[in-house]
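Given next are the chains, with one letter for each unit.
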Amino acid sequence: MRSYSFVLNGEPVTVEAPADMPLLWVLRDLLGVTGPKYGCGVGVCRACTSHLDGAEIQPCVVPVADCADRAVTTIEGLAAGDTLHPVQQAWLDCDVAQCGFCQPGQIMAAVALLERTPHPTDADIDRIENVCRCGTYTRIRQAIKKAAAFSGAHPATEATGT
């Protein structure tokens, strides 16, 4: 097996794994990162949504070899110490989560959306394809709009570059 080095949530890591091992298994099984969830294994449900060099990915279908010398961010990497990322705070303020299973992926998708579109429309938010089996889509929309309304620099945003 080869070694792969990348930056995970701001910290350099090196793992030994087969080149085609999905990043999700590397994160969960080799590195103990449990935020990204396994839902479907084919990139459809998006419960595992994370970021690779700032872009939204589904690590269940991204091989670890594609991550070498790059930056991976999971839900665990959004907060700056005790200061939550604005999207995380909005999720709490709007009481979005029910079961919570899909929420890390939902939050990571929302962060990526707000990076691309700082003031999203309902149509922009509707293009998020993450599945929520509890159906909290109305509260998800409300939280994304609340996070978009946060103004000024935020320590978590500056720390993660997201």
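The structure contained in this document is the topic of the report that follows. On a predicted model such as this, the values are computed, not experimentally measured, just so you know.

**Remarks on the overall build of the protein**
(1) Moving on: Within the protein, the secondary structure is distributed over six helices and five strands.
(2) Moving on: For the protein, the α and β elements follow one another from N to C terminus as β-β-α-β-β-β-α-α-α-α-α.
(3) Moving on: Computed over its C-alpha atoms, the radius of gyration of the protein comes to 15 Å, within 12% of the 15 Å expected for a compact globule of 162 residues.
(4) Moving on: By its C-alpha atoms, the protein is 45 × 35 × 25 Å across when sized along the principal axes.
(5) Moving on: For the protein, buried positions account for 44% of its 162 residues.
(6) Moving on: Taking contacts inside the protein between residues at least 6 apart in sequence as the whole, the part at least 24 apart equals 59%.
(7) Moving on: Here the protein has roughly 7900 Å² of accessible surface; of this, 51% comes from carbon and sulfur atoms.
(8) Moving on: Averaged over its 12 positive side-chain charges, the protein has a centre that lies 8 Å from the centre of its 18 negative ones.

**Observations regarding the pairing of strand β2 (residues 11-17)**
(1) Moving on: Taken together, the seven bridges between strand β1 (residues 2-8) and β2 define a ladder with antiparallel strand orientation. Of the residues in β2, the one forming a bridge with L8 is E11.
(2) Moving on: Here β1 folds back onto β2, and the loop between the two strands holds two residues, one of which, N9, carries a positive phi near 50°.

**Here we look at the packing of helix α2 (residues 86-93) against helix α5 (residues 137-149)**
(1) Moving on: As a packed pair, α2 and α5 sit with axes 8 Å apart at the nearest point and diverge in direction by 135°. In this view, α2 runs oblique relative to α5, as classed from their interaxial angle. For the pair α2 and α5, the sense of crossing is right-handed. Contact residues: P86, V87, A90, W91 and D93 in α2; I140, A143, I144, K146 and A147 in α5.
(2) Moving on: Here the residues of the contact of α2 with α5 sort into eight nonpolar, no polar and two charged.

**Here we look at the environment of A19**
(1) Moving on: By secondary structure assignment, the location of A19 is in the loop between β2 and α1 (23-30).
(2) Moving on: With 30 residues separating them along the chain, A19 and T49 place their C-alpha atoms 20 Å apart.
(3) Moving on: Residues within four places of A19 in sequence aside, it is in contact with Y4, P63, V64 and A65.

**Concerning a nonpolar patch on the surface**
(1) Moving on: Residues V42, V44 and V61 make up a contiguous nonpolar surface patch of roughly 270 Å² in combined accessible area.
(2) Moving on: Looking at the secondary structure, you find V61 in the loop between β4 (55-57) and β5 (71-73).

**Describing the sheet that holds β2**
(1) Moving on: Strand order in this open sheet of five strands is β2-β1-β5-β3-β4, and the pairing throughout is mixed. At either end of the open sheet lies a strand with only one pairing partner, and these are β2 and β4. Taken pair by pair, the neighbouring strands of this sheet meet at an average axis angle of 40°, ignoring direction.
(2) Moving on: Its contacts with the sheet place α1 against β1, β2, β4 and β5, and it is angled at close to 105° to β2.
(3) Moving on: This element, helix α3 (residues 103-116), spans β3 (50-52), β4 and β5 of the sheet and lies at about 50° to β3.

Each value, and the rule that gives it
- Counting starts from 1 at the beginning of each chain's written sequence and moves along it residue by residue.
- Reporting in this predicted model follows two pLDDT cut-offs: at least 70 for local features of residues, and 80 or more for side-chain atom pairs to be given and counted; totals over whole chains, interfaces and linings ignore these cut-offs and use all residues.
- Note that water and hydrogens are dropped before the side-chain values are worked out from all heavy atoms of the structure.
- Strands here mean DSSP runs of E at least two residues long; helices mean DSSP runs of H or I at least four residues long; both are numbered from the N terminus.
- Restricting the calculation to C-alpha atoms gives the radius of gyration, and the globule rule supplies 2.2 Å times the number of residues raised to the power 0.38.
- Burial classes: relative accessible area under 20% of the type maximum marks a residue as buried, over 50% as exposed, and values in between as partly exposed (1.4 Å probe, protein chains only).
- Residue contacts are counted whenever heavy atoms from the two residues lie within 4.5 Å of one another.
- We get accessible surface area from the Shrake-Rupley algorithm with a probe of 1.4 Å; when it comes to residues, only the shown protein chains can shield them.
- Here Asp and Glu are counted as negative and Lys and Arg as positive; His is not counted, and neither are the chain ends.
- The atom standing in for a charge is NZ when the residue is Lys, CZ when it is Arg, CG when it is Asp and CD when it is Glu.
- What makes two strands pair is DSSP finding at least two bridges between them.
- Angular values range over 0 to 180 degrees, each being the angle between N-to-C directions of two axes fitted as lines to C-alpha atoms, with helices fitted over their stretch in contact.
- For classification purposes, angles smaller than 35 degrees are called roughly parallel, those larger than 145 roughly antiparallel, those between 65 and 115 roughly perpendicular, and all remaining angles oblique.
- Rotating anticlockwise by less than a right angle from the far helix to the near helix defines a left-handed crossing, while the corresponding clockwise rotation defines a right-handed one.
- Polarity classes work like this: nonpolar for Ala, Val, Leu, Ile, Met, Phe, Trp, Tyr, Cys and Pro, charged for Asp, Glu, Lys and Arg, and polar for all others, with Gly in that last group.
- Within this analysis, patches are made of residues with over 30% relative accessible area and no salt bridge. Like charges are joined at 9 Å or less; nonpolar side chains (Val, Leu, Ile, Met, Phe, Trp, Tyr) at 5 Å or less.
- Just to be clear on terms, a salt bridge is a Lys or Arg side-chain nitrogen sitting within 4 Å of an Asp or Glu carboxyl oxygen.

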